[in-house]
Amino acid sequence: MTILNLAAKRRTAAAGAPAAAKLFSARFFSGLILLLALLGVSCATVKKTQPSAAPPPELVLAPPEDYRITMAAVGDNLIHIELIDNARTEAEDVFDFDKYYTRIVPLIKNADIAFINQETMIAGVEFGYSGYPLFNGPKDIGKTILKSGFNVINHATNHTMDKGEEAVFEVMDFWDDQPLVAEKNALVLGINRSPQQRDNVERNIIEKNNIKIGFLAYTYGTNGIPLPKDKPFLVSLTDTALMKKEIDALRPLCDFLVVSMHWGNEYEYTPSNRQEELALFLAECGVDLVIGHHPHVLQPIRAIARENAPPMICFFSLGNFLSAQKEPQRILGGMMRVSIKKEAAPPYRVSIEDAELIPLVAHYENDHKNFSVYPLSDYTEKDAERHFLRQKNKFSGISYFHELLNDVFGQQLKPAPLNFTR
Ligand SMILES: [Zn+2]
């Protein structure tokens, strides 16, 4: 019997008792007490049903609270050389990347789970600092990511092999050495030391408020730099047979399954045919949510129907999070925000209660000074006037961003139809 049914039964027993009780002998009444006790009704309840007593107060057992979490995600943390140069401090090889993210930290820390796509390598000085086309930055970027509140970091991107195999191992060592990774149970996705580690999908689960969220991550490729012949597992590539195997292994171990996809065509506002095909494939495999990135511009959000389950929500591209790119379309990015509920009683159904995109602007001024990511809602016309690209007359003001959002998403920054509950 469910707790709710029991509460209803108790209300019925209490309400029906006063009139009938007058007719009962004391012996019969004690029998009734025994019967009600067997049914799980307390003596206190029965005493309140005596004819002389005031009408009983409504006895309602509150149903157990459902479990809820919020998840945030941002797109490409694309660390150009200008971002490295402007983060230098007076100390040798010490960088202050924190200042780029201070305006966005409250939104990140407000989420139980916060995902970031670390587009570029952060293997440190031994591999040489560089920007486009073969990127590598300081490890301090990773420390800032953790301090800012991110606890899921994706490395399955087309730049992961930019500095070769050793740099990938250097980055894995770096994350393994960070006390905050252990403290927050943070996940690092898309790079693997061994086939055994890759197959151990259980390590890709993060649990918050009694909800187990599983993560997998894939990239379409590594910019033509092949994976080492003896280490095809090093970076997780988009290979549908392998993806199906990993999804099938992880799906039964978690309440909610998220797949990070590095996909699509750069600078295109609509998903490619390949993205559409893969989204359908992921929905059929039982994935609940897709976090897309790589095009460096925003793409739509879609609810994709599934059989016997609520729709899969697909954020096709979150655009850039932080970069020094020089086109105004590429400084408008988005933060995914999704609310997930798990019922506290059987059958423990899990559903997305809400999903939306919070627009962000990557700000920087002349000589690439004062980089900072803003929520668009906090970005003023005065701020926009100081933007390097505004000074180059590449956009007219804040209205430009709103028009672009309208072109990509229409009137509301939510998937349509907004109907998630089972
Ligand atoms: Zn990319």
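Definitions and limits used
Residues numbered from 1 in each chain as written. Predicted model: local features only at pLDDT ≥ 70, side-chain atom pairs only at ≥ 80, totals over all residues. Helix = DSSP H or I, 4+ residues; strand = E, 2+ residues; numbered from the N terminus. Buried ≥ 20, exposed ≤ 12 C-beta atoms within 10 Å, placed from the backbone. Contact = placed C-beta atoms within 7 Å. Pairing = 2+ DSSP bridges. Right-handed = clockwise from strand over helix to strand, strands pointing away. Axes fitted to C-alpha atoms, helices over the stretch in contact; angles between N-to-C directions. pLDDT = per-residue confidence, 0-100. Arc of directions from axis to C-beta. Expected span 1.5 Å × (residues − 1).

Asker: Residue-level account of the overall build of the protein chain, with values.
Answerer: Each helix and strand counted, the protein chain has 14 helices and 14 strands in total. The 422 residues of the protein chain split such that 39% are buried. Residue pairs at least 24 apart in sequence account for 72% of intrachain contacts in the protein chain once pairs closer than 6 positions are excluded.

Asker: Lay out unusual backbone geometry in plain terms, naming residues and giving numbers.
Answerer: The step from tyrosine 132 to proline 133 runs through a cis peptide bond, and the omega angle for that step is 0°. Here the bond from proline 346 into proline 347 is cis, since omega is 10°, no more than 30 degrees from zero. Locating proline 347 in the fold gives a position in the loop between strand S12 (332-342) and strand S13 (350-365). Residues other than glycine seldom take positive phi values, yet histidine 296 does so here, at roughly 70°. On the secondary structure map, histidine 296 appears in the loop between strand S8 (289-293) and strand S9 (298-306). Histidine 296 gets classed as buried once you count the C-beta atoms within 10 Å, which come to 23.

Asker: Just give me the short version of the pairing of strand S7 (residues 256-262), but keep the residues and values in it.
Answerer: Summarising burial for S7: seven of the seven residues are buried, a large majority. Taken together, the seven bridges between strand S6 (residues 211-219) and S7 define a ladder with parallel strand orientation. If you follow glycine 214 over to S7, its bridge partner there is leucine 257. In this fold, the crossover linking S6 to S7 by way of helix H10 (residues 240-250) has right-handed handedness. As paired elements, S7 and S8 share five bridges and run parallel to each other. Within S8, the position partnered with valine 259 by the bridge is valine 290. With helix H11 (residues 273-285) bridging S7 and the parallel S8, this β-α-β connection has right-handed handedness.

Asker: Talk me through the sheet that holds S9; I want residue IDs and the actual numbers.
Answerer: Pairing between sheet strands relies on hydrogen bonds along the backbone, with the strands arranged either parallel or antiparallel. Read across the sheet, six strands follow the order S5-S6-S7-S8-S10-S9 without closing on themselves; strand pairing throughout is mixed. Strand pairing shows two members of the sheet lacking a second neighbour, strand S5 (205-208) and S9, which therefore form its edges. Each adjacent strand pair in this sheet contributes to an overall mean axis angle of 20°, direction not counted. Contacts between H10 and the sheet are confined to S6 and S7, with S6 contributing the most and set at about 170° to the helix.

Asker: Residues and numbers for the confidence of the model for the protein chain, please.
Answerer: On average, residues of the protein chain score 88 in pLDDT, and 85% of them reach the 70 mark or higher. In the predicted structure, residues 1-49 sits below a pLDDT of 50 and forms 40 contacts with residues beyond four places in sequence or in another chain. Counting interchain partners and residues more than four positions distant, the pLDDT-below-50 stretch residues 418-422 has 10 contacts.

Asker: Could you give an account of H10, naming the residues involved and the relevant values?
Answerer: Within H10, the full set of buried residues consists of Met243, Glu246, Ile247 and Leu250. What you see down the axis of H10 is that its buried residues fit within an arc of 100°, all on one side. Those residues of H10 that are exposed and angled more than 90 degrees off the buried face are Ala241 and Asp248. Structurally, H10 contributes buried residues whose contacts are with S6, S7 and H11.

Asker: Summarise helix H14 (residues 398-409); cite the residues concerned and give the values.
Answerer: With 12 residues, H14 extends 17 Å from end C-alpha to end C-alpha; this agrees with the ideal 16 Å at 1.5 Å per step. Where H14 is concerned, the buried positions are Phe401, Val408 and Phe409. Buried residues of H14, seen end-on, are gathered within an arc of 75° and therefore sit on one face of the element. Those residues of H14 that are exposed and angled more than 90 degrees off the buried face are Ser399, Glu403, Asn406 and Asp407. Summarising the contacts, the buried residues of H14 are in contact with S9, S12 and S13. Positioned one or two residues after H14, glycine 410 has a phi angle of 75°, which is positive.

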